[in-house]
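Next come the chains, spelled out residue by residue.
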Amino acid sequence: MPVIEVERLHKRYGELTAVDEVSFAVEQGEIFGILGPNGAGKTTTVECISGLRTPDAGSVRVLGLDPVADRDELHQSVGVQLQEAGLPDKLQVREVMDLFASFYRDPADVAALLRRLGLHEKSRDRYKKLSGGQKQRLAIALALVGNPRVVVLDELTTGLDPHARRETWELVEQVRESGVTVLLVTHFMEEAERLCDRVALIDRGRVVAVDTPEGLAARGGGGQRMRFRPSAPIEDADLLALPEVATVVRRGTQIEVTGADELVSAVTALLARRQITAGSLRIEQSSLDDAFIHLTEHGKEN
Amino acid sequence: MTAVTVAAAPTARPRRRMTSRGFRALMGMHVKLMFREPGVFVMILLPVALLLVFGLIPGTKKPEVSLGGRSTLDVYVPTIAAMVPLLIACSGLPSLMASFRERNALRRFSVSPVPPGGMLAALVAVLTAFTLGGVVLIVLLGTAVFGAHMPTDLGAVISSFVLGFAAVMAVGMIAAALATSSGMAAGMGMPFMILNFFFSGLYVPTAELPHVFQTIGGYVPFGAVMDSWSGQGALWQHLAVLAGYTVVGGVVSARVFRWE
């Protein structure tokens, strides 16, 4: 049975439809990503899953519970890190952790958790004095303090520097290794590629695709792109004559060729037959970025 | 007293429970924060200062015929004592909760297993103890130091005072459940507080008010409290009015509670 089941979820704020028929299922022990441009309905979806919003239509089940009706029971086993959630400035890190730990029937060891998140030395610091990265780590610690079976992390690395981001990713991987199911909301492609087993791509309140990051990348038009400087002149028509080549663009002495998956081998074979070498050669496989642009309306407008 | 009422309200929905350890920890947090941001102590210091001023004016201790043989101080000690619960219920409670909401701290609690009723009840419990301390301090100062006489029927006085406090606290809880900023909290609590101040006789002794105002005063929590002290009207009727406020405020506030 899936840990999280969302079926035809619909949520409207006045005239604005934030989420329109979103469905997906998250399995035990996976890191499931919700990916999409800003304003796509990611946070609303997560807030419905966390019991903060009541869906207008459709159903949400988390560990077999209704997030709204069974809110308090749900929060015993689902840890949530929300965007823009603050704390009283004058409470110390350790005090906050002990306070939230007391709300759970089976809390985690607070000292061990703080050590794991590198906040141990900040135990006596007041919340106000923490840096952005430290506040973010404290938010993750609070999501984990109840020994949850599921954690929901909304944009957890937004505002972190690249170093802190990488550390946070390692932390999420550790959490998963301890058997916890992770629902991760992000608009960073790199984050989704690095962490997620599967990704739901959401755009304008609808699920556009659910797949592995690799599977999604392959849907993004697929294919390859190569750029090079030929050692001797070559005609566009010769390149376009190859069935694998879709487009040829020249930028000064550089040629950019795009096409199907066998593009690189076809073009290099042609160059070899002509005894032309490809200088400054760069090859790109289509990525999740391309899929994102290709599959979302956001990309089509640009 | 009030805390019990509030904690009982969420049990209408059976699954909404919080651990007793969690409730104690939440109360502990409020106590810590009160000492680190001691603005709320003004709500005791202000009435105490007022009592000191009254107590040090020589003429206030003479029995007055117009007050039925009681001295001005005798009349004002209960009124000044009533300022503490009114300030705390109408201003302290809503603005403390609103400042949590304003800083998005309630959003953080909203994804923990703490129910809205528990969130309110913990703060109400701490403020109740705080109020009790303030009222006891003022009554002791007034009677032991300045020699004021308390009303004779102590049972009616204490029961109506407790019920009156529960009633204004319950109304303050509605403001605390809804106010999204400290300013809004003040805007919601202040008119109710001034109404209660008026009918508790802070501005004008209630005995000097026109009859129609005295009747209205019976339906305002601290008007009802003062009436039951002076023996005006039926005691059971005043207590019923106060209990009505408490029940409605307790139930409504837990239902309309906003996390953000």
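Residues numbered from 1 in each chain as written. Chains lettered and ligands numbered in written order. Predicted model: local features only at pLDDT ≥ 70, side-chain atom pairs only at ≥ 80, totals over all residues.

Q: Is there a simple way to explain the overall build of chain A in this structure?
A: The secondary structure content of chain A amounts to 12 helices and 13 strands. Dimensions along the principal axes, computed over C-alpha positions, put chain A at roughly 75 × 45 × 35 Å. By residue count, 42% of the 302 residues in chain A fall in the buried class. If you take every contact in chain A between residues at least 6 apart in sequence, the share linking residues at least 24 apart comes to 69%. (Helix = DSSP H or I, 4+ residues; strand = E, 2+ residues; numbered from the N terminus. Buried ≥ 20, exposed ≤ 12 C-beta atoms within 10 Å, placed from the backbone. Contact = placed C-beta atoms within 7 Å.)

Q: What is the right way to read the environment of Val19(A) from this model?
A: Residue and element names in this part refer to chain A. On the secondary structure map, valine 19 appears in strand β2 (residues 16-26). For the pair valine 19 and threonine 44, spaced 25 residues apart in sequence, the C-alpha to C-alpha distance is 7.0 Å. The residues touching valine 19, leaving out its near neighbours within four places in the chain, are Leu9, His10, Lys11, Gly41, Thr44, Thr45 and Gly205.

Q: Looking at this model, I keep getting lost on helix α3 (residues 93-101) of chain A. Mind explaining?
A: Within α3(A), 7 of the 9 residues are buried, which leaves it mostly tucked inside the rest of the structure. Residues Val93(A), Glu95(A), Val96(A), Met97(A), Leu99(A), Phe100(A) and Ala101(A) constitute the buried set of α3(A). The inward-facing, buried residues of α3(A) contact α4 (110-116) and α5 (132-144) of chain A together with α2 (20-36) of chain B.

Q: Looking at this model, I keep getting lost on the pairing of strand β6 (residues 150-154) of chain A. Mind explaining?
A: For a regular strand, side-chain orientation follows a simple rule: the groups alternate between the two sheet faces. All names here are of chain A. Among the 5 residues in β6, 5 count as buried, and that is most of the element. Because side chains alternate across β6, one face comprises the buried residues Val150, Val152 and Asp154, and the other comprises Val151 and Leu153, equally buried. Here β6 pairs with strand β7 (residues 181-186) via 5 bridges, running parallel. Among the inter-strand pairings, valine 150 is bridged to a residue of β7, identified as threonine 181. In this fold, β6 hands off to helix α6 (residues 162-177), which returns the chain to β7; that crossover is right-handed. (Pairing = 2+ DSSP bridges. Right-handed = clockwise from strand over helix to strand, strands pointing away.)

Q: How should the sheet that holds strand β11 (residues 245-251) of chain A be read in this particular structure?
A: In sheet architecture, strand pairing relies on hydrogen bonds along the backbone and comes in two forms, parallel and antiparallel. Residues and elements named next belong to chain A. Read from one edge of the open sheet, 4 strands run β11-β12-β10-β13, paired in antiparallel fashion. Either end of the sheet is taken by a strand with one partner, and the two such strands are β11 and β13 (278-285). Here the average twist between neighbouring strands, direction ignored, is 15°. In the sheet, strand β10 (residues 224-230) pairs with strand β12 (residues 254-259) via 5 bridges, with the strands oriented antiparallel. Bridge assignment links arginine 227 to a residue of β12, and that residue is glutamate 256. Across the sheet, helix α10 (residues 263-273) lies against β10, β11, β12 and β13, angled at about 20° from β10, the strand it touches most. (Axes fitted to C-alpha atoms, helices over the stretch in contact; angles between N-to-C directions.)

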